[in-house]
Amino acid sequence: RVNYYPIVAGGMIGQRFLNGSSSSSRMDDANGGGNGLFVIIGASAALSPTPGMLGYGSAKAASHHFLQSYGPSVAEESGATSVGILPLMLDTPANRAMLGGDDDGNDNDGRYSKMVKPIHIANEIGEWIKNPHLRPHSGSLVKVIAKSRMDGSGGAAFHLVR
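Residues numbered from 1 in each chain as written. Predicted model: local features only at pLDDT ≥ 70, side-chain atom pairs only at ≥ 80, totals over all residues. Heavy atoms only, no water.

*Asks:* Please explain the nonpolar core as it appears in this structure.
*Replies:* Side chains of a nonpolar character, in soluble globular proteins, are inclined to be buried together. Residues L37, V83, I85, V116, I121, I125, W128, V142, V144, A146 and A156 constitute the largest nonpolar core, which totals 11 residues. For this core, the elements supplying multiple residues, two or more each, are strand 2 (81–87), helix 5 (118–130) and strand 3 (140–146). Ignoring anything within four residues of it in the chain, the contact list for I85 reads V39, I40, I41, G42, I121, I125, W128, V142 and V144. Formed by 5 residues, the second largest nonpolar core is a distinct cluster that contains I40, L67, L86 and L141. (Core = buried A, V, L, I, M, F, W, Y, C linked by side-chain atoms within 4.5 Å. Buried < 20%, exposed > 50% of the residue type's maximum accessible area, 1.4 Å probe, protein only. Helix = DSSP H or I, 4+ residues; strand = E, 2+ residues; numbered from the N terminus. Contact = heavy atoms within 4.5 Å.)

*Asks:* What exactly am I supposed to notice about the pattern of salt bridges here?
*Replies:* Opposite charge on two side chains lets them pair, provided their charged atoms get close. Scanning the entire structure with this criterion turns up 3 salt bridges. D91 serves as the salt-bridge partner of R96, at 2.6 Å between the closest nitrogen and oxygen. On the accessibility criterion, R96 (13% relative accessible area) is buried. Between E127 and K130 there is a salt bridge whose closest N-O contact spans 3.2 Å. Of this pair, E127 and K130 both sit in helix 5, 3 residues apart, roughly one helical turn. Given a relative accessible area of 61%, K130 falls into the exposed group. Here the salt bridges share partners, and the residues they tie into one network are D91, R96 and K117. (Salt bridge = Lys/Arg side-chain N within 4 Å of Asp/Glu carboxyl O.)

*Asks:* For this particular structure, what's the right way to read helix 5?
*Replies:* Residue pairs spaced three or four apart in an α-helix point in one direction, given the helix's 3.6 residues per turn. With 13 residues, helix 5 ought to run about 18 Å at 1.5 Å a step, and its terminal C-alpha atoms sit 18 Å apart, in line with that. Those residues of helix 5 that fall on the buried side of the exposure criterion are I121, I125 and W128. Along the axis of helix 5, the buried positions cluster into a sector of 55°, meaning they face one direction only. Residues of helix 5 that are exposed and point over 90 degrees away from its buried face: I119 and K130. (Expected span 1.5 Å × (residues − 1). Arc of directions from axis to C-beta.)

*Asks:* Before we go on, may I ask you to explain the sheet that holds strand 3 in this structure?
*Replies:* Pairing between sheet strands relies on hydrogen bonds along the backbone, with the strands arranged either parallel or antiparallel. Pairing in this open sheet of 4 strands is mixed, and the strands run 1-2-3-4 from one edge to the other. At either end of the open sheet lies a strand with only one pairing partner, and these are strand 1 (37–41) and strand 4 (156–160). The mean angle between the axes of side-by-side strands here comes to 30°, regardless of whether they run parallel or antiparallel. Where strand 2 and strand 3 come together, 5 bridges link them in parallel fashion. The residue bridging L86 from the neighbouring strand is K143, located in strand 3. (Pairing = 2+ DSSP bridges. Axes fitted to C-alpha atoms, helices over the stretch in contact; angles between N-to-C directions.)

*Asks:* Help me out: how do you make sense of the side chain of T50 in this one?
*Replies:* For T50, the position within the fold is in the loop between strand 1 and helix 3 (54–78). By relative accessible area, T50 is classed as buried at 13%.

*Asks:* What am I meant to see in helix 3 here?
*Replies:* In a regular helix each residue adds 1.5 Å, so 25 residues correspond to 36 Å; helix 3 covers 35 Å between its end C-alpha atoms and thus fits that length. Taking the largest bend as the criterion, helix 3 deviates by roughly 35°, centred on Y70, and proline P72 comes between one and four positions later. Turning to helix 3, its buried residues are G57, A59, S63, H64, L67, Y70, G71, V74 and S78. Positive phi shows up at G79, right after helix 3, with a value of about 85°. (Bend = angle between axes of the 7 residues up to and from the residue.)

*Asks:* Which parts of the structure should I look at to understand the side chain of H64?
*Replies:* Tracing the backbone shows H64 in helix 3. Dropping the residues within four chain positions of it, H64 is found in contact with I40, G42, A43, A46, L47, L86 and L141.

Structure, rendered in structure tokens:
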């Protein structure tokens, strides 16, 4: 069974935020006249088939499709930008638990090296808010890949996918 409720909910939220009259005026007021930013977190895994995770892949692929279909028209109507961010895997306690291993923050065996830290995504969104000219075009999907180094530092690389 596939749970399609996230797809329906995502569509409703996106329409209310991007196209509703009260939300449009709120975005205009908050962002100086139609310069709003709507970001969804998709998944790079859903860019290709996900046979072991059918429900997850379907929901994420649907959110990608919604954003790509709806984003350009919203940009024309309200000046807002809609962007999908597609990490390989977010560094969250639940994802660490799924991979197993020590939960002490160490990554001695490299199993967490491909996880993207949420702070790196937040920093990029912050740059897009401060500098709208750096944003991808509305309706774009941006893949995020962790840049891990031996010393545990790194960051993330953002690549335009579609």
